[in-house]
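Residue-level structural notes
Take a look at the letters that make up each chain.
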Amino acid sequence: VGPLSLRLAAAKGDASAQFEVGARLAEGKGTDQSFKSAVEWYQRSAAQGFAQSQYRLGTFYERGLGVKKDNALAQRWYQQAAEAGNVKAMHNLAVLSAGSATGQPDYPTAAHWFTAAADRGLSDSQFNLGVLYENGLGLPKDQKFAYKYYSLAARSGDAESIKRRDALKAELTVEDLAAAEKMISIWRAQPTEKIANDPRVAGEDWKKRADNSYGG
């Protein structure tokens, strides 16, 4: 799969190279598509704490790609990826926690990870966090914060976020609306690590070491 330098780097245990091999197998890029083989390479990489591989494993277990569908394992891998800084894993972990697929909804955990992803700029998490604040699920009911996160999500053009934002705006007092608008005006997305969130960057990081160790 891929050039000799990639295969050598992966065989020698480089987590980025192992991720890239897994990604090529999953996509059928330059080789036959094999989710099962992709899982094996993702697992090698994920065991070393590589966030993109952990996130992909969570996705594969959630969807049953190359492995038997298992929401508990999906949740475990998403958690590891989320703790390593992968924003989509934060969101997916929150979704699984809020759902009933793994048992009773765990709204406090969902709120924690929706907040983490929302504060890093993920609009889907901003919307869902608004829902939790509006209904007091997993955190205290707070219409100001619900309005704040609906407003942030609405920046992406999402129609439902705009609808809920406007509905709440009519219910807020002048003082609460002013406080919410101030929070929105000073909000800035928290920075994220590219290697944990950008699959292209994650899949090319091995080259930094291959140039010196594997002859380019």
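Shown above is the structure to which this text applies.
Here is a short report on the structure shown in this document. (Residues numbered from 1 in each chain as written. Predicted model: local features only at pLDDT ≥ 70, side-chain atom pairs only at ≥ 80, totals over all residues. Heavy atoms only, no water.)

1. With respect to the overall build of the chain
The following threshold applies: For helices the rule is a DSSP run of H or I covering at least 4 residues; for strands it is a run of E covering at least 2, with both sets numbered from the N terminus onward. The classification of residues rests on relative accessible area computed with a 1.4 Å probe and restricted to protein chains. Under 20% of the type maximum is buried, over 50% is exposed, and intermediate values are partly exposed. The contact definition used throughout considers only heavy atoms, calling two residues in contact when any of these lie within 4.5 Å. Note on areas: Shrake-Rupley with a 1.4 Å probe; residue coverage comes only from the protein chains shown.
A tally of regular secondary structure across the chain gives 14 helices and 0 strands. Secondary structure of the chain in N-to-C order comes out as α-α-α-α-α-α-α-α-α-α-α-α-α-α. C-alpha atoms of the chain, sized along the principal axes, occupy 65 × 35 × 25 Å. Burial status across the chain gives 44% buried among its 216 residues. Sequence separation of 24 or more characterises 50% of the internal contacts of the chain that already satisfy a separation of 6 or more. A total of about 10,900 Å² of accessible surface is found on the chain, and carbon and sulfur atoms cover 49% of it.

2. Notes on the pattern of salt bridges
For clarity, the threshold we go by: Definition used for salt bridges: Asp or Glu carboxyl oxygen within 4 Å of a side-chain nitrogen of Lys or Arg.
Tallying each qualifying case throughout the model produces 9 salt bridges. Between arginine 209 and aspartate 14 there is a salt bridge, with the nearest N and O atoms lying 2.6 Å from each other. Residue arginine 209 is located in helix H14 (residues 206-213), and its partner aspartate 14 is located in the loop between helix H1 (4-11) and helix H2 (15-27); the two are separated by 195 residues in the primary sequence. On the basis of relative accessibility, which here comes to 33%, the residue arginine 209 falls in the partly exposed class. Note that aspartate 142 and lysine 144 form a salt bridge whose closest N and O atoms lie 3.6 Å from each other. Overlapping salt bridges bring together Asp14, Asp205, Lys208 and Arg209 as one network.

3. Quick word on the packing of helix H3 (residues 35-46) against helix H4 (residues 51-63)
Test applied: The angle between two axes is taken between their N-to-C directions and runs from 0 to 180 degrees, where each axis is a line fitted to C-alpha atoms and a helix contributes only its stretch in contact. Angle categories are assigned with fixed cut-offs, so that under 35 degrees is roughly parallel, over 145 is roughly antiparallel, 65 to 115 is roughly perpendicular, and the rest are oblique. Working rule for handedness: look at the near helix, and if it is turned counterclockwise from the far one by less than a right angle, call the crossing left-handed; if clockwise, right-handed. The classification used treats Ala, Val, Leu, Ile, Met, Phe, Trp, Tyr, Cys and Pro as nonpolar, Asp, Glu, Lys and Arg as charged, and all other residues, Gly among them, as polar.
At a closest axis distance of 8 Å, the pairing of H3 and H4 adopts a crossing angle of 140°. With respect to H4, the axis of H3 lies oblique. Considering only the axes of H3 and H4, their crossing is left-handed. On H4, the residues that touch Phe35, Ala38, Val39, Tyr42, Gln43, Ser45 and Ala46 of H3 are Ser53, Gln54, Arg56, Leu57, Phe60 and Tyr61. Looking at the contact of H3 with H4 residue by residue, the classes come out as 8 nonpolar, 4 polar and 1 charged.

4. Notes on the nonpolar core
Heads up, the condition is: As used here, the term nonpolar core means buried Ala, Val, Leu, Ile, Met, Phe, Trp, Tyr and Cys residues forming a set that is joined through side-chain atoms within 4.5 Å.
Core analysis: the largest hydrophobic core is formed by 61 residues, its most contacted members being Tyr42, Phe60, Tyr78, Trp113, Leu129 and Tyr147. Apart from residues lying up to four places away in sequence, tyrosine 78 is in contact with Tyr55, Gly58, Thr59, Glu62, Ala89, Asn92, Leu93 and Leu96.

5. Considerations on helix H6 (residues 87-98)
We count it as follows: Under the convention used throughout, the expected extent of a helix is 1.5 Å for every residue step, that is, one less than its residue count. Within 3.5 Å is the distance limit for a polar contact, defined as a pair of N or O atoms, with the added protein rule that one can donate a hydrogen and the other accept it, and that residues adjacent in sequence qualify only through two side-chain atoms.
In this model H6 runs 17 Å from its N-terminal to its C-terminal C-alpha over 12 residues, within 8% of the 16 Å that 1.5 Å per residue would give. Taken as a whole, H6 has its buried residues at Val87, Ala89, Met90, His91, Asn92, Leu93, Ala94, Leu96 and Ser97. Summarising the contacts, the buried residues of H6 are in contact with H4, helix H5 (71-83), helix H7 (107-118), helix H8 (123-135) and helix H12 (194-197). Between a side-chain oxygen at the N-terminus of H6 and the backbone nitrogen of lysine 88 the separation is 3.3 Å; the capping residue is asparagine 86.

6. Digging into the packing of aromatic side chains
Filter applied, for reference: Here the aromatic set is Phe, Tyr and Trp, taking the six-membered ring for Trp, and pairing holds for ring centres within 6.5 Å; pairs whose planes are under 30 degrees apart are stacked, those over 60 apart are edge-to-face, and all others are tilted. In our convention, an over-ring charge means Lys NZ or Arg CZ found within 6 Å of a ring centre and within 35 degrees of that ring's normal.
Enumeration according to the criterion identifies 8 aromatic pairs in this entry. Taking the centre distance of 5.6 Å and the plane angle of 80° together, the rings of tyrosine 42 and phenylalanine 60 count as edge-to-face. Of the two residues, tyrosine 42 sits in helix H3 while phenylalanine 60 sits in helix H4, which places them 18 residues apart along the sequence. Each ring, one from tyrosine 55 and one from tyrosine 78, has its centre 6.1 Å from the other, and the planes form 40°; the classification is tilted. Of this pair, tyrosine 55 sits in helix H4 while tyrosine 78 sits in helix H5, and the two are 23 residues apart along the sequence. Here the aromatic cluster, defined as three or more aromatic residues joined through ring pairs, consists of Phe19, Phe35, Tyr42, Phe50 and Phe60. One Lys or Arg, arginine 44, reaches over the ring of tryptophan 41 and ends 4.1 Å from the middle of that ring.

7. Focus: the packing of H6 against H7
Running from N to C, H6 and H7 cross one another at 160°; their axes reach a closest spacing of 8 Å. Overall, the two elements H6 and H7 adopt an arrangement that is roughly antiparallel. In the packing of H6 onto H7, the handedness of the crossing is left-handed. Between H6 and H7, the contacting residues are Val87, Met90, His91, Leu93, Ala94, Val95, Ser97 and Ala98 on the first element and Tyr107, Thr109, Ala110, Trp113, Phe114, Ala116 and Ala117 on the second.

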